[in-house]
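Architecture and fold: a report
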Amino acid sequence: MLILGIETSCDETGVALYDTEHGLLAHALFSQIDMHADYGGVVPELASRDHVRKLLPMCDQVLERAGRTRGDIEGIAYTAGPGLIGALMVGGSVAHALGFALGIPVLGVHHMEGHLLAPMLEENPPAFPFVALLVSGGHTQLVRVDGIGAYEMLGESVDDAAGEAFDKAAKMLGLDYPGGPRVAALAEQGTPGRYKFPRPMTDRPGLDFSFSGLKTFTLNTVHAAQKEEGTLSDQTRADIALAFESAVVDTLMIKCRRALEQTGCDRLVIAGGVSANRRLRASLEKMAGKHDAHVFYARPEFCTDNGAMIAYAGAQRLAAGQRDGERIVAVPRWPMNALPAIDEPRSSGLVD
Ligand code: KG4
Ligand code: ZN
């Protein structure tokens, strides 16, 4: 079954063609980062308008790259949420209009399920069950995954998401949005041990996270250093970046170790934008090595938002017979454990 996948939940337009027999055929990604850079974050209305401009030409582009035509598409998957409502509506409208015109099924996909399943696009995909650490700009969650749609939430952030914390720390250090990769690059020059940051909520049992205290700690450290130095030296900024990154990575690693011990799983999947972080991958691999466990993640371009993950997740559900009704589904907030299992009727978990 040939599926067109469409991702427009935030500031990336992603389109992909996935074939349930032959795998990923083509994908295209356009990032709006430069457009939003002047504003220090994503401007929702600008995001929607740019998705309108880019989406249809990109659909034609992936079809051309794969040597297919619109008439070859057998199903369409689009991100139905969570995300920015205007941006979601662009993807939903295009998907439903195309689906109606072509007479093929259309399905709204959960963005975080897309992230979660992105490592399935790699050469050695993880088998079920596994523990997944979902770390994006809006979510930090530990989930036990027994199959597609069989998700048990083990823990999540009670305040900021890990990616959001990276973005805020970046701002404090004078770095542009999105901050995660920039903080990571600056941390490369950092001196280990100059600053010691807390590892929030690791001294008590449980699998929840909290990153807002770390944000305050970073701000206080920046202010104290400014008092001493005036304008911060590049070395001090790098040292703070490293201390911050190490604290987030350690905290995530400790909770992942706990989740593996608690569930008895020996497979750990990391997904979402922050899973592109090299220090996080190395730390989790080291921990997993000591526990005879394996770590799985997607290639960097499929860690952040992309169309391939939506095409893949949608393909699994469309192939199982799930599909939208006639209405476009766009859900800004949508808990992932409300999703139906793959063999349940679609209506059981979805706001339609
Ligand atoms: O999954 P994603 O592309 O979008 C959401 O669904 O939110 O994640 C974006 C987040 C941003 O907060 C960004 O700063 C963070 O992922 N990020 C990183 C890295 N690459 C992206 N954080 C740390 N290290 C990275 N290399
Ligand atoms: Zn995302």
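Not measured: the values here are computed from a predicted model. (Residues numbered from 1 in each chain as written. Chains lettered and ligands numbered in written order. Predicted model: local features only at pLDDT ≥ 70, side-chain atom pairs only at ≥ 80, totals over all residues. Heavy atoms only, no water.)

The next point concerns the environment of L2. Among the secondary structure elements, L2 is positioned in strand β1 (residues 2–7). Exposure remark for L2: the relative accessible area of 1% places this residue in the buried category. Dropping the residues within four chain positions of it, L2 is found in contact with L17, Y18, D19, L25, R68, D72, I73, E74 and G75. (Helix = DSSP H or I, 4+ residues; strand = E, 2+ residues; numbered from the N terminus. Buried < 20%, exposed > 50% of the residue type's maximum accessible area, 1.4 Å probe, protein only. Contact = heavy atoms within 4.5 Å.)

This paragraph deals with the nonpolar core. Judged by nonpolar contacts, the single largest core of 61 residues is most densely connected at L4, I6, I76, L116, Y151 and M336. Per-element tally for this core: the top contributor is helix α10 (residues 307–319), with eight residues. Other than its neighbours up to four places away in sequence, I76 contacts L4, I6, A95, L98, G99, I104, P105, V106, L107 and L318. Counting residues in hydrophobic clusters, the runner-up holds 48 residues, among them A162, A169, L207 and F211. (Core = buried A, V, L, I, M, F, W, Y, C linked by side-chain atoms within 4.5 Å.)

A word on the site of ligand 1. In the region of ligand 1, 19 residues are neighbours, and G137, D167, G180, G273 and N277 sit closest. In this structure, an oxygen atom belonging to ligand 1 sits 2.8 Å away from a main-chain N or O atom of G137. Contact with the protein chains covers 87% of the free accessible surface of ligand 1, which is 550 Å². Elements represented by at least two residues in the shell around ligand 1 include exactly α4 (111–117), α5 (162–172) and α6 (179–187). When its residues are assigned to classes, the shell around ligand 1 shows five nonpolar, twelve polar and two charged. (Near = heavy atom within 4 Å. Polar contact = N/O pair within 3.5 Å; in protein donor to acceptor, adjacent residues only side chain to side chain. Areas by Shrake-Rupley, 256 points an atom, 1.4 Å probe, with all protein chains shown as cover. Nonpolar A, V, L, I, M, F, W, Y, C, P; charged D, E, K, R; others polar.)

So, on to the UniProt feature "binding site: Fe cation" (unreviewed entry) in the protein. UniProt records the feature "binding site: Fe cation" (unreviewed entry) for H111, H115 and D305 in the present numbering. For this annotated set, covering 195 residues, all C-alpha atoms fall within 8.7 Å of each other, a compact arrangement in space. With respect to the helices and strands, the residue H111 is situated in helix α4. In this structure the side chain of H111 is engaged in a polar contact, spanning 3.3 Å, whose partner is the side chain of S9. Its place among the elements puts D305 in the loop between β10 (294–297) and α10. Here D305 falls in the buried class, since its relative accessible area comes to 12%. Those residues in contact with D305, other than ones at most four positions away along the chain, are E7, S9, C10, E12, L29, H111 and H115. A polar contact of 3.0 Å, which involves the side chain of D305, links it to the side chain of H111. (UniProt positions renumbered as here; feature names shortened; annotations may be inferred.)

With that settled, the discussion passes to the packing of aromatic side chains. The tally for this structure, following the rule as stated, stands at five aromatic pairs. Considering the side-chain rings of F166 and F244, the 5.2 Å spacing of their centres and the 90° angle between planes classify their relative orientation as edge-to-face. Of this pair, F166 sits in helix α5 while F244 sits in helix α8 (residues 234–263); the two residues are 78 residues apart in sequence, bridging distant segments of the chain. Residues F209 and F211 carry aromatic rings whose centres are separated by 6.1 Å and whose planes lie at 15° to one another, so their mutual orientation is stacked. Taking relative accessible area as the criterion, F211 reaches 0% and is therefore assigned buried. Between the NZ or CZ atom of K54 and the centre of the ring of F30, over which it lies, the distance is 4.1 Å. (Phe/Tyr/Trp six-rings, centres within 6.5 Å; stacked < 30°, edge-to-face > 60°. Lys NZ or Arg CZ within 6 Å of the ring centre and 35° of its normal.)

A few words on the side chain of K255. Residue placement: K255 occurs in helix α8. Buried charged residue K255 carries no salt bridge. Nearest counter-charge: D208, at 7.2 Å. Residues in contact with K255, not counting those within four places in the same chain, are L142, P200, M201, T202, G206, L207, D208 and F209. (Lys, Arg positive; Asp, Glu negative; His and termini not counted. Salt bridge = Lys/Arg side-chain N within 4 Å of Asp/Glu carboxyl O.)

Once that is clear, we can look at the packing of α8 against helix α9 (residues 278–290). Closest axis-to-axis distance for the α8/α9 pair is 9 Å, and the angle between their directions is 35°. Relative to α9, the crossing made by α8 is right-handed. Residues L242, E245, V249, L252, M253, C256, R257 and L260 of α8 form the contact with α9, whose participating residues are R279, L280, S283, L284 and M287. Residues that form the contact of α8 with α9 fall into these classes: nine nonpolar, one polar and three charged. (Axes fitted to C-alpha atoms, helices over the stretch in contact; angles between N-to-C directions. Left-handed = near helix turned anticlockwise from the far one by under 90°.)

Strand order in the open sheet made by the five strands is β8-β7-β6-β9-β10, with mixed pairing throughout. The open sheet is flanked by β8 (150–156) and β10, the only strands paired with a single partner. Averaged over all pairs of adjacent strands, the angle between their axes in this sheet comes to 25°, without regard to strand direction. Bridge analysis of strand β6 (residues 130–135) against strand β9 (residues 267–271) gives four bridges, and the strand direction is parallel. Counterpart to L133 in the pairing with β9 is I270. Sheet strands in contact with α8 are β6, β7 (140–147), β8 and β9, and its direction is about 155° off that of β6. (Pairing = 2+ DSSP bridges.)

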